[in-house]
Structure formats: structure tokens, C-alpha cells
Amino acid sequence: QQQVKQSPQSLIVQKGGISIINCAYENTAFDYFPWYQQFPGKGPALLIAIRPDVSEKKEGRFTISFNKSAKQFSLHIMDSQPGDSATYFCAASMKNDYKLSFGAGTTVTVRA
Amino acid sequence: GAVVSQHPSWVICKSGTSVKIECRSLDFQATTMFWYRQFPKQSLMLMATSNEGSKATYEQGVEKDKFLINHASLTLSTLTVTSAHPEDSSFYICSATGANYGYTFGSGTRLTVV
């Protein structure tokens, strides 16, 4: 039973465009929501993370939007570049429980 | 930043043999380490959680006698795949967390059992 539902499974975007990936959760005890970027044959790397006391966090071209009432959060990649082509995973964890629940992943392809 | 080193990055072994994968936190003390398994084009599946000096906690369906985890120090955890078979071929990833450090993942180990 996947605790974090992620969509879409894949997306293709033109260079310079915006990539948007959505995640939804049910467990209101989650209090940490990270996004990871994974390249083929490599481990995931933390991209950006948010806690539920803020509605948006921006780091460079990456922005997390968080809607606590809807139990949804999303990743926006602005000005997408071919180097952003990777698989992106959303995740969530609870306070005092260090396990991460991962979404199914989204493969992003940025066409030059 | 926090760095987790995982070795080897790939290994090929014969069916029936055992393989050990190491996960080291290089610049912080990892109070908790996690081991994941990832099949092609799928998400990460948590196999077990280990705390330094105590027995690992395995997720439901993971054979603890096949996947031996040792977390002997605050910087090292090992995963040993015993009596490996072709169905154990997969991408294994560790991650570590410590005080004031979030989750940091290793670079993964591609295991192929022939």
C-alpha cells in the first residue's frame, strides 16, 4: 500500500519549459516532504524538501508547493534543461519515525 | 555536506555465493541506516532499518536470513546477500541519517547473480 501517490509516471518537456510533478498523501502525521532526483545507475540525491508549516519553498529553478488541507504537494522545475532529465521521487516521513515513504517516481525527459 | 560512500558500485557473483555491500558515512555519525532495493523503472523498496549496535528491523516479506545487516559502528553498515540467486539481482541502495543530518543516499550497488 503506497502511502504517497505520485503522478504523472513520465513527462516530456521542451527545453526552457516547466515540469510539474504532483504527489498526494493520506497520513496527516507526515511532517517532512523531500524530493529526490535520481540518474540511471546512481542513488537518489536530495533536491529540495519542505515541512508543512510553509506553503512554498524555492531553491533556484526548483519550487515545492504544499497544500496541507488538500494533502498534496508538487515540484515545479522552471526553465527545464536537458541535464534535468532524470527520475524524480517525492517522499514523506513522520516525526520520530525516520522511514521514508516514496512515491512511484516520475521520469522527466527534457528535449533540446 | 553529508557524504555516504557505498561499495562496490557493481558486483557479479555466482549463484550460491555470498556478497557483502558496505555503506559508510564519511563525515557524520549515522545513528540510523537504511537499505533499499530498487528494480528497473520502479521506486525504492525499504528492506530494513538498522541502528548502531542493535539488530536490524526488517520490513515485511524481507528474509532476514538471506539479507544480513550489520551496523557495527556509527559510520559503517553492511548488507550481506547470502546464498545469492539470480532473483536477488537488483540495485541495492543504502542511506544514512544522523543528528542534524537528513537522509543521505549512497550511490548504489548493482548486483548481478549468474
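Check the entry above for the structure.
Residues numbered from 1 in each chain as written. Chains lettered and ligands numbered in written order. Predicted model: local features only at pLDDT ≥ 70, side-chain atom pairs only at ≥ 80, totals over all residues. Heavy atoms only, no water.

Colleague: For this particular structure, what's the right way to read the sheet that holds strand β7 (residues 67-73) of chain B?
Modeller: Strands pair in a sheet through their backbones, by hydrogen bonds, and they do so in one of two ways: parallel or antiparallel. All names here are of chain B. Ordered in space as β1-β3-β8-β7, the 4 strands form an open sheet in which the pairing is antiparallel. In this open sheet, the two edge strands, each paired with only one partner strand, are β1 (4-7) and β7. Averaged over all adjacent pairs, the angle separating strand axes in this sheet is 15°, with direction ignored. Two strands pair when backbone bridges link them, and strand β3 (residues 19-25) and strand β8 (residues 76-81) are joined in this way by 6 bridges, in the antiparallel orientation. (Pairing = 2+ DSSP bridges. Helix = DSSP H or I, 4+ residues; strand = E, 2+ residues; numbered from the N terminus. Axes fitted to C-alpha atoms, helices over the stretch in contact; angles between N-to-C directions.)

Colleague: Help me understand the sheet that holds strand β3 (residues 19-25) of chain A in this model?
Modeller: Residues and elements named next belong to chain A. Pairing within the open sheet is antiparallel, and its 5 strands lie in the order β1-β3-β8-β7-β6. The two strands at the open ends of the sheet, each matched to only one other strand, are β1 (4-7) and β6 (56-59). Adjacent strand axes in the sheet meet at a mean angle of 15°, parallel and antiparallel pairs treated alike. Here 6 bridges tie strand β7 (residues 62-67) to strand β8 (residues 72-77), and the two strands are oriented antiparallel to one another.

Colleague: Would you mind showing me how to read the pattern of salt bridges here?
Modeller: Where charged atoms from two side chains of opposite charge approach closely, those side chains can pair. All names here are of chain A. This model, assessed by the stated rule, comprises 7 salt bridges over all chains. Here E59 and K57 are joined by a salt bridge, their closest N and O atoms 3.7 Å apart. The class for K57 is partly exposed, based on a relative accessible area of 33%. (Salt bridge = Lys/Arg side-chain N within 4 Å of Asp/Glu carboxyl O. Buried < 20%, exposed > 50% of the residue type's maximum accessible area, 1.4 Å probe, protein only.)

Colleague: Would you explain a nonpolar patch on the surface in this entry?
Modeller: Taken together, the side chains of I18(A), I20(A) and M78(A) define a hydrophobic patch exposed on the protein surface, amounting to about 240 Å² of accessible area. Within the secondary structure, I20(A) is located in strand β3. (Patch = residues over 30% accessible without salt bridge, like charges linked within 9 Å, V, L, I, M, F, W, Y side chains within 5 Å. Areas by Shrake-Rupley, 256 points an atom, 1.4 Å probe, with all protein chains shown as cover.)

Colleague: Honestly, the interface of chain A and chain B in this entry has me stumped. Any pointers?
Modeller: The extent of an interface is frequently quoted as the accessible surface area lost upon association of the parts. At the junction of the two partners, chain A supplies 16 residues and chain B supplies 17 residues. Around 1,300 Å² of area is buried between chain A and chain B when both sides are counted, 60% of it from carbon and sulfur atoms. Viewed at the interface, chain B and chain A are joined by 1 salt bridge. One salt bridge connects K99(A) with E59(B), and the closest N-O pair in it is separated by 2.9 Å. For the pair chain A and chain B, the number of links is 4 residue pairs in polar contact (both at pLDDT 80 or more). (Contact = heavy atoms within 4.5 Å. Buried area = accessible area lost by both parts, 1.4 Å probe. Polar contact = N/O pair within 3.5 Å; in protein donor to acceptor, adjacent residues only side chain to side chain.)

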